[in-house]
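Architecture and fold: a report
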Amino acid sequence: MAGVSSRDVSAGSPGAGESAPSDAELIRAHVAGEPDAFAELVRRHRDRLWAVALRTVGDREEAADALQDALLNAHRNAARFRGDSAVTTWLHRIVVNACLDRLRRRQAHPTVPLPDGNRDDDRPSAPEPVAPAPDQDTVLVVRDALAALPVEQRSAIILVDVQGYPVTEAAEMLGVAEGTVKSRCARGRARMAVTLGFLRGEAGGAARGGPGGAVQGGNRTGVGDVPSESAPATSLPAGHDRRDQR
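These notes cover the structure that comes with them.

1. Some thoughts on helix H8 (residues 167–174)
- Among the residues making up H8, those that are buried are Val167, Ala170, Ala171, Met173 and Leu174. What you see down the axis of H8 is that its buried residues fit within an arc of 160 degrees, all on one side.
- Looking one or two places after H8, you find Gly175, whose phi comes out positive at around 70 degrees.

2. As for the packing of aromatic side chains
- The full count for this structure, using the stated rule, is one aromatic pair.
- Centre to centre, the rings of Phe81 and Trp90 are 5.3 Å apart; their planes meet at 50 degrees, and the pair counts as tilted. Trp90 matches Phe81 in its accessibility class, with the two residues each being buried.

3. Description of the side chain of Ser155
- Structurally, the position occupied by Ser155 is in helix H7 (residues 151–162).
- Engagement of the side chain of Ser155 in a polar contact is seen with the backbone oxygen of Glu152, the distance being 2.9 Å.
- Not counting chain neighbours up to four residues away, the residues in contact with Ser155 comprise Leu100 and Leu174.

4. Quick notes on the packing of H8 against helix H9 (residues 178–195)
- Interaxial distance between H8 and H9 falls to 8 Å at its minimum, and their mutual angle equals 100 degrees. For the element pair H8 / H9, the angle class is roughly perpendicular. In this structure, H8 uses Val167, Thr168, Ala170, Ala171 and Leu174 to contact H9, whose residues at the interface are Glu178, Val181 and Lys182.
- Considered class by class, the residues forming the contact of H8 with H9 number five nonpolar, one polar and two charged.

5. Observations regarding the nonpolar core
- Counting residues in hydrophobic clusters, the biggest one holds 28 residues, and the most contacted among them are Ile27, Leu41, Leu67, Val87, Trp90, Leu91 and Val95.
- At the level of elements, helix H2 (23–31), helix H3 (37–57), helix H4 (60–76) and helix H5 (87–108) are the ones that each hand at least two residues to this core.
- Looking at which element gives the most residues to this core, the answer is H3, with nine residues.
- Sequence-distant contacts of Trp90, that is, excluding residues within four places in its chain, are made with Ile27, Ala74, Asn77, Ala78, Phe81 and Ser85.

6. What about the pattern of salt bridges?
- In this structure the tally under the stated criterion is eight salt bridges.
- The shortest N-O distance in the salt bridge between Arg44 and Asp23 comes to 2.8 Å. Here the residue Arg44 occupies a position in helix H3, and Asp23 occupies one in helix H2, the gap between them amounting to 21 residues.
- Arg44 gets classed as partly exposed once you look at its relative accessible area, which sits at 28%.
- Asp23 sits in the buried class, given a relative accessible area of 17%.
- Asp161 is paired through a salt bridge with Arg189; the nearest N and O atoms lie 2.8 Å apart. A residue pair is termed long-range when its members are at least 10 positions apart, and Asp161 in helix H7 and Arg189 in helix H9 qualify at 28 residues. We note that Asp161, like Arg189, is buried.
- Counted as one network, the salt bridges with shared partners bring together Asp23, Glu40, Arg43 and Arg44.

7. Thoughts on H4
- Taking 1.5 Å per residue as the helical rise, H4 with its 17 residues ought to reach 24 Å, and the 24 Å between its terminal C-alpha atoms agrees with that figure.
- If you check which residues of H4 are buried, you get Ala63, Ala64, Asp65, Ala66, Leu67, Ala70, Leu71 and Ala74.
- A distance of 3.1 Å separates the backbone nitrogen of Glu61 from a side-chain oxygen at the start of H4, and that oxygen is part of Asp59.

Conventions we followed
Per-chain numbering applies: the sequence of each chain, read as written, is numbered from 1 onward. Where totals are concerned, whole chains, interfaces and linings use all residues; where local detail is concerned, this predicted model gives features only for residues with pLDDT of at least 70, and gives and counts side-chain atom pairs only at 80 or more. For side-chain calculations, the full set of non-hydrogen atoms in the structure is used, while hydrogens and water are omitted. Accessibility here uses a 1.4 Å probe with only protein chains present; expressed as a share of the type maximum, an area under 20% marks a residue as buried, one over 50% as exposed, and anything in between as partly exposed. Labels follow the DSSP assignment, with helices taken as runs of H or I lasting at least four residues and strands as runs of E lasting at least two, numbered in each case from the N terminus. The arc in question is the one traced by the directions running from the helix axis out to the C-beta atoms. Pairing of aromatic rings covers Phe, Tyr and Trp, the last through its six-membered ring, and needs centres within 6.5 Å; plane angles under 30 degrees mean stacked, over 60 mean edge-to-face, and all others mean tilted. Here a polar contact is recorded for every N or O atom pair within 3.5 Å, except that within protein the pair must consist of a potential hydrogen donor and a potential acceptor, and residues adjacent in sequence are included only if both atoms are side-chain atoms. The contact definition used throughout considers only heavy atoms, calling two residues in contact when any of these lie within 4.5 Å. The convention used is that axes are lines fitted to C-alpha atoms, helices contributing only their stretch in contact, and that angles between N-to-C directions extend from 0 to 180 degrees. For classification purposes, an angle smaller than 35 degrees is called roughly parallel, one larger than 145 roughly antiparallel, one from 65 to 115 roughly perpendicular, and anything else oblique. By the convention adopted, Pro, Cys, Tyr, Trp, Phe, Met, Ile, Leu, Val and Ala count as nonpolar, Lys, Arg, Asp and Glu as charged, and the other residues, Gly among them, as polar. Only buried residues count toward a nonpolar core, which is a set of Ala, Val, Leu, Ile, Met, Phe, Trp, Tyr and Cys residues joined through side-chain atoms within 4.5 Å. Any Lys or Arg side-chain nitrogen located within 4 Å of an Asp or Glu carboxyl oxygen qualifies as a salt bridge. One less than the number of residues in a helix, times 1.5 Å, gives the span that helix is expected to have.

Below is the structure:
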């Protein structure tokens, strides 16, 4: 493709007087047959795509599979990208849809793990883990409360409150109206407020802004803070590097 060569894509950082190709240029180069263009696009955005997948699905293996499915879908269907939204919005929409599909299939066909017949339950297979610090306990409780939300509410809160996307972008990613995103976030926050109500007493007067530092800044819910629409991504645990996946 004119203007984007293999050398431009693979060079990494541009030299003096040069500028890296934009996301839209990389998509066009990929469609035109440039072999490195899509890989560069993934390299730019994989951390946030992985974070969204992991927080939406709640399981590393499932999230890795969902992200792989989404990227294969994007790779094969890049020619359908019309530029009506940002490339990142398009990629996130594909990732979120892949995650939601897996969640719905998991809800429709729940599985029960089978016991390991070779394990003697009376004898520990490894030293008992050290109890997590209180702050980590709080993070896990908040994460579990998020995972317990209905799929639609969870995905909206992850994009807006956890990842910090504006409601407008989140609506594009989810393929719904802005008002629907706001409504889902409000209902999800209300559910989490009920679930996490006990944390208010534990936080005491030492940290009025949030429970144990698990979620900082944003809208008051009566149980600490759930971030507002403009807040940056929180410290909820997540994997940020696709390299540790299969």
